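Inside the fold
Listed here are the chains, written in short residue letters.
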Amino acid sequence: MHEARPLARRMTAVVATVTLAAAFAACSPAGSSPSASAAAPTGAASQPSVAASAAPSAGTVAPSAAAEEPFTIRVAFGSTGDAVDGIFTELKTAYEAKYPGRTVEIIVQEDDTYETIGLNNLLTSRNAPDVYFEWPGTRLKTKVTDGYGADISAAVADPRFASRLDPAAYTGMVIDGKTYMVPWSGDVTNVFWYNKALFSEHSWTPPTTWDEFIALCAASKAAGITPIIDGNKDKWPIGSIASHLAERTMGADAYMAAIRGEQPMNSPEMVAAFGKLQELAQNGCMNKSVNALPDDQATTQFLLGKSAMIGIGSWLVSDQVTQAPNLQLGYFNMPTFPGTGDPNSVLGVSTGFVVNAHSEHVDAAVDFLAMLVAPEASKRFAQEGLTPMTLDPFAGVQADPNTVTLATLLSTAPVKVTPADNLDVQRAAEFYGAAAAVIGGLKTPQEALDAAQKRVEQMPKP
Amino acid sequence: MLVGPAVAFFTFVVGLPLLGTIGLSFASWTGTNRPKLVGLDNFVRAFGDEVYRGAYLNTFIYIAATLVLEVAVGFALAGLVSVKGKRTGWYRITFFIPVMLPMVVIAVLWSFLYSDDGGLINSFLGAIGREDLQHVWLGDPSTALLAVCVVSGWVYAGFYMAIFYAGLQRVPQHLLEAARLDGASEWDLFFRIKVPLLRGLTEVAVLLCVTGAFSTFDLFYVMTNGGPDHATEIITTYVVSTVFRDHEVGYGAAMSIIMTLVVVGIGLAYARLRRGGGVDLEY
């Protein structure tokens, strides 16, 4: 799609549309779609549960029968790098050794492809995955509503899971009292990272309050150093900061209600939260190119020492290890300011794996997930820079100190704030667009949020 | 009988998907749920969607810019490289090289050129003492669209140069010689003989440029992703984000159908203009 050549580009728009149509047709559930089948589950109420599947049923195969007949389970996820992908291959080998007769097929796609169209295509295909990676919140809820999430409440009560995962790790993974996801990895989505050498050179200290933060920006600017760099071309980096500012200003419930469309997005409280973004823009805290720069380029610039700080998530550690291993990094959470939100809240997101409700091997899929959260696998994931959601993921692991403390920050946070795009993708797009307009100095908070609210009102009601 | 395979193939790869898209445009579908009929809701929403309307405006600005930067410049380049000289072959190759590069590579390359920090353009402006002209070219709504248009022109001017150059080679020499004998200058030859004789080719080039502009995507997606604040949002980037980011397949299908109708309408109007425009100059 990105590599259209001249002749392709010069095709008529009719052909372009038809190409899109072909994509739609490929995604069409007609015929092969589980949801198109009269016998297929149509909602959470009709999902086969793991407990129920212990006995032979229409939707599952009894373990004993499955053991006699060789079969394959498919595991799908978006790639987060060769190292992590390799651990899944190790898991496959271990699983196949532990369960003779069972084969694991790993389906790994490019991360963005998986998130946008890949997973949907896989789920509606004839060879749908039995287990798939997903984000909790709206995306998970949609999958469950569409009939692609198995109720694994009974399965996760098993010691294989209960001894490895804190109940709090299931936040966003329980819908109507039923568990649909096994937690895998977590990330702090936004903190402000700083270059320790630069801070030391100028005798700067990490700020704790908003006023100190603005003063630090001014000092950095006066020293000729870009205070904060961010690459907001895709809108989520500043959108994440806006999410956190909104929670701190108006509280988690009000923030989430606004993103879910239960409250207006242009409330005075939200305008006040966006006022903080405007303050950053007006005080020259951000790089001028904030809305033109991709996030990875911003990361590189920061690691090259071209700014004092960057607002980004815990995954910066892995970039630092590969791009600037000698750079000393520190971080601080969103500085505090008066508001009704929790001053120690942390913006973070967890991810996990879902068992496809249409899988013929639900129990085998659960067995795979049990190995995914087992100590051996957790250790391997932690070694590769992930933050597994399991208990004590870093025990006996030589992990980056920042990764370890960030994991603690997330696990001990009094309030975990969910980024807007994990709450409602469409409304988050408008929310993030408004944040981009404010940070770019293109609109005032009121103008940006009024425009966002107007577009939200045009969206179809859920 | 002989056209049977072609008709079957066309039906399979064009007709059926198009029908599927038309069907989906009347439905609400996330890609995984059961499509739900919503009547004309998607179309009504599209007509009231400011971003979608803005995407048309941006697309038409892009078309206008590319007609100049691609077709007109391509024509001018063809005229220049047609002049007999020692290095014109090299010039032809040089101008055509961007056409052969992958668009993503070009987009990334130009993103660096436009960078406000160390980018070649801002560095050059700084070097000549014109810091006042330095800009965040892709981050400012007032310059972002034009900046992308310039890149498009840089790439495809060479493509149209190749088309026009081929046409210029077919201009009968006896016409040119007769004109020279009558005292015509090289400018006269170009504007009074060559340009009129290339009218048919120009019309094809304009059609390619207009329809190509409607279907362009990669350059915008990589360079700006529709931003800042939808300043470079074109129809295709908006449809793609609607379908693949928001998973509103039905709405995306409706917007695609509207775009198809617009393009078909432009094509029909263009054909009608051609019919009413008199007889093509043949040579």
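Rules of the game
- Residues numbered from 1 in each chain as written.
- Chains lettered and ligands numbered in written order.
- Predicted model: local features only at pLDDT ≥ 70, side-chain atom pairs only at ≥ 80, totals over all residues.
- Helix = DSSP H or I, 4+ residues; strand = E, 2+ residues; numbered from the N terminus.
- Buried ≥ 20, exposed ≤ 12 C-beta atoms within 10 Å, placed from the backbone.
- Contact = placed C-beta atoms within 7 Å.
- Axes fitted to C-alpha atoms, helices over the stretch in contact; angles between N-to-C directions.
- Parallel < 35°, antiparallel > 145°, perpendicular 65-115°, else oblique.
- Left-handed = near helix turned anticlockwise from the far one by under 90°.
- Nonpolar A, V, L, I, M, F, W, Y, C, P; charged D, E, K, R; others polar.
- Domains from an automatic or database assignment.
- Core = buried A, V, L, I, M, F, W, Y, C linked by C-beta atoms within 7 Å.
- Pairing = 2+ DSSP bridges.

Along its length, chain B carries 13 helices and 2 strands. Counting only C-alpha atoms, chain B reaches 75 × 65 × 30 Å along its principal axes. Expressed as a percentage of its 283 residues, the buried residues of chain B come to 41%. Long-range pairs, those at least 24 residues apart, make up 69% of the contacts in chain B with a sequence separation of at least 6.

Take the packing of helix H12 (residues 236–250) of chain A against helix H14 (residues 268–282) of chain A next. Residue and element names in this part refer to chain A. Contact geometry for H12 and H14: axes closest at 8 Å, N-to-C directions at 130 degrees. With respect to their mutual orientation, H12 and H14 come out oblique. By crossing handedness, the relation of H12 to H14 is classed as right-handed. Across the interface between the two elements, Ala242, Leu245, Ala246, Thr249 and Met250 from H12 touch Glu269, Met270, Ala272, Ala273, Phe274, Lys276 and Leu277 from H14. The class makeup of the residues in the contact of H12 with H14 is 9 nonpolar, 1 polar and 2 charged.

On to the domain arrangement of chain A, then. All names here are of chain A. Segmenting chain A into domains produces domain 1 (43–180 + 349–404) and domain 2 (191–345 + 415–458). Just the C-alpha atoms count here: the centres of domain 1 and domain 2 sit 32 Å apart. At the junction of the two partners, domain 1 supplies 11 residues and domain 2 supplies 13 residues. The residue makeup of the side of domain 1 that touches domain 2, split by class, is 2 nonpolar, 8 polar and 1 charged.

Moving on: the nonpolar core. The biggest cluster of nonpolar side chains holds 135 residues, and the ones touching the most others in it are Phe274, Phe431, Ala434 and Ala435 of chain A. No other element matches the 14 residues that helix H7 (residues 141–169) of chain B contributes to this core. Setting aside chain neighbours within four positions, we find Ala435 of chain A in contact with Ile238, Gly239, Ala242, Phe274 and Leu277 of chain A.

Residues and elements named next belong to chain A. Along strand E3 (residues 131–134), one buried face is formed by Val131 and Phe133 and the opposite face, lined by Tyr132 and Glu134, is buried too. The pairing of strand E1 (residues 71–78) with E3 spans 2 bridges and is parallel. Pairing of Val75 across the sheet is with Val131, part of E3. Two elements, E3 and strand E11 (residues 346–355), share 4 bridges in a ladder whose sense is antiparallel. Among the inter-strand pairings, Glu134 is bridged to a residue of E11, identified as Gly352.

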